Amino acid sequence: MYKTKAYSAASATSSLASISIPRRDSTDRDVQIEILFCGVCHSDLHYARDEWHDVMPTVYPCVPGHEIVGRVTKTGSAVSKFKEGDLVGIGCLVDSDHTCPNCRAGLQQFCPNQVLTYGSPDKHRTAPVTYGGYSESIVVDESFVLRIPVNLSLAGAAPLLCAGITTYSPMRHWGVTKGKKVGVVGLGGLGHMGVKFAHAFGAHTVVFTTSPNKKEDALRLGADEVVVSRNADAMQKQAGSFDFILDCVAAEHDINAYINLLTRDGNITLVGAPEKPLPVSAFSLIMGRRSLSGSPIGGIPETQEMLDFCGQHNITADVEVIPIQKINEAYERMVRSDVKYRFSIDMASLKAE
Ligand code: NAP
Ligand code: ZN
């Protein structure tokens, strides 16, 4: 066991602050990684503030961070895919049971024994729960380590590990391609990646935003149209026309307004995970045989596929790089939807602590 610097929250109401955490010594199958950048996901904030208490109560101290990019510093004797110096990524998962039908299908995101990057019981008993990427280094089983294409900027690649795969996976599942009309609701970290992917897949892409000042950005990111969702007339004009809508909103909002925009057999997928349940109008679904579903991150093979796709198409997140010392301010700005479009923490800043 060794100690490494990290940032943690000590309770639901405390600011994040510097802490020293234990990491396990590498086993044969482990890769030790020096963390270079870590994206800031709204899930980090939900979790640090215990906003998902009913589903997933937070264990304190909690060290968030599951959009990790770093460099391999050490490999166990049985590690075959990575060597010292490789640029790698870690997303929301660091382990699973490797044997259930979901794992065998490469869909580790559905494994009942999955180990999340932070907040899951630590199988290795190094700590009560796993600690995430707001830290100097991490030790991970090689089967959960991903390869980062060398042409991508590291700060911009980090958010691909959660925001990227969470938007890529449902779009692939629901067949987003040329000829389809696709909506992306909420232009934040997930939403802006959703726009980039929908555009890259060739779909006619429409952004729904509550922030009129994001209009120009939405078009630059690849949207064909932008609708300010508080404008009822503009919403009405889109009624019944969408094949697929990806809802990336982090707070309470009216999803029926979006269900009504779907065409016959259209689908709306929730990836946003607001604190409180959202009421659904049965009639909105019934009348067009429309469907409502959800989607969590993605499996390891699909995450690598997404990273390779991003390498080929030169896709990264639009990031504002911050030192770890600005994390509390970043959380406040995220609550105000004031992020363009993902914070990425330069972990070198932690060395100064
Ligand atoms: P984010 O960067 O804060 O973006 C959320 C966006 O939602 C905002 O930029 C804003 O966009 C819109 N929004 C915020 N408050 C709103 C309100 N009251 N009404 C309507 N729209 C509002 O968050 P994120 O990191 O993209 O995460 C989004 C959600 O996805 C979070 O709940 C997060 O926990 C969840 N998530 C889920 C998964 C998964 O596996 N399913 C993975 C990662 C994250 P506009 O300014 O454009 O309106
Ligand atoms: Zn996330």
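Further up the page is the structure itself.
Since the model is a prediction, treat every value here as computed from it, not as a measurement.

A. Layout of the overall build of the protein. Counting secondary structure elements, the protein contains 11 helices and 17 strands. The C-alpha atoms of the protein give 20 Å as radius of gyration, which agrees with the globular expectation for 353 residues (20 Å, within 12%). Taking the principal axes of its C-alpha atoms as reference, the protein extends roughly 60 × 40 × 35 Å. Here the protein holds 353 residues, and 57% of them are scored as buried. Taking as baseline every contact in the protein between residues at least 6 positions apart, the subset at least 24 positions apart corresponds to 67%. Entry remark: accessible area of the protein is about 14,800 Å², with carbon and sulfur atoms responsible for 53%.

B. How the structure looks around the nonpolar core. Counting residues in hydrophobic clusters, the biggest one holds 92 residues, and the most contacted among them are Tyr134, Met171, Phe197, Ile327 and Tyr331. It is strand β3 (residues 30–40) that contributes the most residues to this core, seven residues altogether. Lining this core are residues from two domains, each supplying at least three of them: domain 1 (2–162 + 318–352) and domain 2 (163–294). With residues up to four places along the chain from it excluded, the contact list for Phe197 reads Gly164, Thr167, Tyr168, Met171, Met306, Phe309, Cys310 and Ile315. Formed by 16 residues, the second largest nonpolar core is a distinct cluster that contains Ile245, Val249, Tyr258 and Leu261.

C. Fine view of the coordination of the zinc ion (ligand 2). Coordination of the zinc ion (ligand 2) by the protein involves Cys41 (SG), His66 (NE2) and Cys162 (SG), with metal-donor separations of 2.0 to 2.3 Å. Of note, the donors binding the zinc ion (ligand 2) are all from one chain and are spaced C-x24-H-x95-C. A residue pair is termed long-range when its members are at least 10 positions apart, and Cys41 in the loop between β3 and α1 (42–48) and Cys162 in the loop between α3 (154–157) and α4 (163–173) qualify at 121 residues. Judged by its relative accessible area of 5%, Cys162 falls in the buried class.

D. View of the pairing of strand β8 (residues 137–141). Most of β8 is tucked away: five of the five residues are buried. Every second residue of β8 is oriented toward a common face, with Ser137, Val139 and Asp141 on one face and Ile138 and Val140 on the other, all of them buried. With five bridges joining them, β3 and β8 adopt antiparallel strand pairing. Considered in β8, the bridge of Asp30 is made with Asp141.

E. Quick peek at the site of ligand 1. Around ligand 1, the surrounding shell holds 30 residues, and the nearest of these are His42, Thr209, Thr210, Ser211 and Arg342. Interatomic distance of 2.8 Å between a side-chain N/O atom of His46 and an oxygen atom of ligand 1. Protein coverage of the free-state accessible area of ligand 1, which is 920 Å², stands at 89%. Only α1 and α5 (189–200) provide two or more residues apiece to the shell around ligand 1. It is α1 that provides the largest number of residues to the shell around ligand 1, a total of three residues. Tallied by class, the residues present in the shell around ligand 1 amount to 14 nonpolar, 13 polar and three charged. Residues from two domains meet in the shell around ligand 1; each of domain 1 (2–162 + 318–352) and domain 2 (163–294) gives at least three.

F. Focus on the pairing of β3. Counting buried positions over the 11 residues of β3 gives 10, a clear majority of the element. For β3 and strand β4 (residues 68–75), the ladder comprises seven bridges, and the chain directions are antiparallel. Paired with Phe37 across the strands is Val69, a residue of β4. Two elements, β3 and strand β17 (residues 342–346), share four bridges in a ladder whose sense is antiparallel. When the bridges of β17 are listed, Phe37 appears paired with Asp346.

G. Seen up close, the sheet that holds strand β10 (residues 181–185). With parallel pairing, the six strands of this open sheet are ordered in space as β12-β11-β10-β13-β14-β15. In this open sheet, the two strands that pair with only one neighbour each are β12 (225–228) and β15 (291–294). Shown here is a sheet whose adjacent strand axes are inclined to one another by a mean of 20°, direction ignored. Pairing of strand β14 (residues 262–270) with β15, which is carried by four bridges, proceeds in the parallel orientation. If you follow Thr269 over to β15, its bridge partner there is Ser293. Running over the sheet, α4 touches β10, β13 (242–247) and β14 and is turned about 160° from β13.

H. Region of interest: the state of the cysteines. Under the criterion given, the structure shown has zero disulfides. Free of any disulfide, Cys62 has its nearest cysteine sulfur in Cys38, 12 Å distant. Looking at Cys62, the relative accessible area reads 3%, which means it is buried.

I. How the structure looks around the environment of Leu107. Along the chain, the position of Leu107 falls in the loop between α2 (101–104) and β7 (115–116). Overall, the relative accessible area of 34% leaves Leu107 in the partly exposed class.

J. Spatial organisation of helix α11 (residues 327–335). By the burial criterion, the buried members of α11 are Ile327, Ala330, Tyr331, Arg333 and Met334. Taken end-on, α11 shows its buried residues confined to a sector of 165°, consistent with a single buried face.

K. Representation of unusual backbone geometry in the model. Residues Tyr60 and Pro61 are joined by a peptide bond in cis, for which omega reads -5°. Position of Pro61 among the secondary structure elements: in the loop between α1 and β4. Despite not being glycine, Arg125 has its phi angle at roughly 60°, a positive value. According to the relative accessible area criterion, Arg125 is exposed, its value standing at 74%.

Rules and cut-offs
Residues numbered from 1 in each chain as written. Chains lettered and ligands numbered in written order. Predicted model: local features only at pLDDT ≥ 70, side-chain atom pairs only at ≥ 80, totals over all residues. Heavy atoms only, no water. Helix = DSSP H or I, 4+ residues; strand = E, 2+ residues; numbered from the N terminus. Rg over C-alpha atoms; globule rule 2.2 N^0.38 Å. Buried < 20%, exposed > 50% of the residue type's maximum accessible area, 1.4 Å probe, protein only. Contact = heavy atoms within 4.5 Å. Areas by Shrake-Rupley, 256 points an atom, 1.4 Å probe, with all protein chains shown as cover. Core = buried A, V, L, I, M, F, W, Y, C linked by side-chain atoms within 4.5 Å. Domains from an automatic or database assignment. Donors = N, O, S within 2.8 Å, 3.2 Å for Na, K, Ca; no water. Pairing = 2+ DSSP bridges. Near = heavy atom within 4 Å. Polar contact = N/O pair within 3.5 Å; in protein donor to acceptor, adjacent residues only side chain to side chain. Nonpolar A, V, L, I, M, F, W, Y, C, P; charged D, E, K, R; others polar. Axes fitted to C-alpha atoms, helices over the stretch in contact; angles between N-to-C directions. Disulfide = S-S within 2.5 Å. Arc of directions from axis to C-beta.

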